[in-house]
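# Understanding the architecture of this molecule
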Amino acid sequence: MLNETKKEVDLLELKNIVESKHKIIGLDLGKKRIGVSISTLDMNGALPLRTVSYSGLKDLVNELSEIIMNHDVKAVVIGLPINMDGSEGKSSQSIRDKSKKILSFLELPYSFWDERLSTVAAARVYETPSKTRQKRGNKKKDIDNLASAFILEGALEYIKRN
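Time to look at the environment of I159. Examined against the element boundaries, I159 turns out to sit in helix α5 (residues 133–161). For I159, a relative accessible area of 1% corresponds to the buried category. Once residues lying within four places of it in the same chain are set aside, the contact partners of I159 are L11, L12, L14, K15 and V18.

Another point: helix α3 (residues 90–106). End to end, α3 covers 24 Å across 17 residues, agreeing with the expected 24 Å (1.5 Å per residue, within 8%). Residues of α3 that are buried include every one of S92, I95, S99, I102, L103, S104 and L106, and no others. Its buried side turned inward, α3 meets β1 (23–29), β2 (33–39), α2 (57–71), β4 (73–80) and β5 (110–114). Phi turns positive, to about 55 degrees, at E107, one or two residues after α3.

With respect to topology, five strands assemble into an open sheet ordered β3-β2-β1-β4-β5, the strand pairing being mixed. A strand with exactly one partner marks an edge of an open sheet, and here the two such strands are β3 (46–53) and β5. For this sheet the average axis-to-axis angle between neighbouring strands, irrespective of direction, equals 25 degrees. Direction of pairing for β1 relative to β2: antiparallel, over a ladder of five bridges. Paired with G26 across the bridge in β2 is S37. The strands that α3 touches are β1, β2, β4 and β5; relative to β4, the one it contacts most, it runs at about 160 degrees.

Turning next to the packing of aromatic side chains. This model, assessed by the stated rule, comprises two aromatic pairs. Centroid distance Y110 to F112: 5.8 Å. Interplanar angle 90 degrees. Geometry classified as edge-to-face. When the centroid spacing of 5.3 Å and the interplanar angle of 45 degrees are considered together, the rings of W113 and Y158 count as tilted. Linking W113 in strand β5 with Y158 in helix α5, this pair joins segments that are 45 residues apart in sequence. For W113, a relative accessible area of 21% translates into the label partly exposed. Under the relative-accessibility criterion, Y158 is labelled partly exposed at 28%.

Cut-offs and rules
- Residues numbered from 1 in each chain as written.
- Predicted model: local features only at pLDDT ≥ 70, side-chain atom pairs only at ≥ 80, totals over all residues.
- Heavy atoms only, no water.
- Helix = DSSP H or I, 4+ residues; strand = E, 2+ residues; numbered from the N terminus.
- Buried < 20%, exposed > 50% of the residue type's maximum accessible area, 1.4 Å probe, protein only.
- Contact = heavy atoms within 4.5 Å.
- Expected span 1.5 Å × (residues − 1).
- Pairing = 2+ DSSP bridges.
- Axes fitted to C-alpha atoms, helices over the stretch in contact; angles between N-to-C directions.
- Phe/Tyr/Trp six-rings, centres within 6.5 Å; stacked < 30°, edge-to-face > 60°.

As structure tokens, this is what we get:
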């Protein structure tokens, strides 16, 4: 049976966590991998932490639980794929459903942030061709955690402005 899920909160409800300088993680959820980022100590930005490859929910929850415990995380911001016209489509609903399952085990407040173009922005960092096969193989993993940092940084900036 699932634990009681912390409810989704409005992003501005995380302001007290930001102001008290507690850690927040950002997630870029994918089908095979999840990019994870963490807020900086001064809450002025986000740093890519790692990319978690998973085969099942249990593996993923265990990996995220370890990150949360090791970094004393108090909240989660999840990238939500909004359509370019501002509407939510099937991808958004899929992310909401997956998030609810994951967070039912983690028991942290969470909010969503528009992830439009975050992966594109992260990919631009890698526009120059990689010189080795290993670097090319790591590109997707690097893009996932960098995209999660773009997502979290955008959310932190929004919170601080409002």
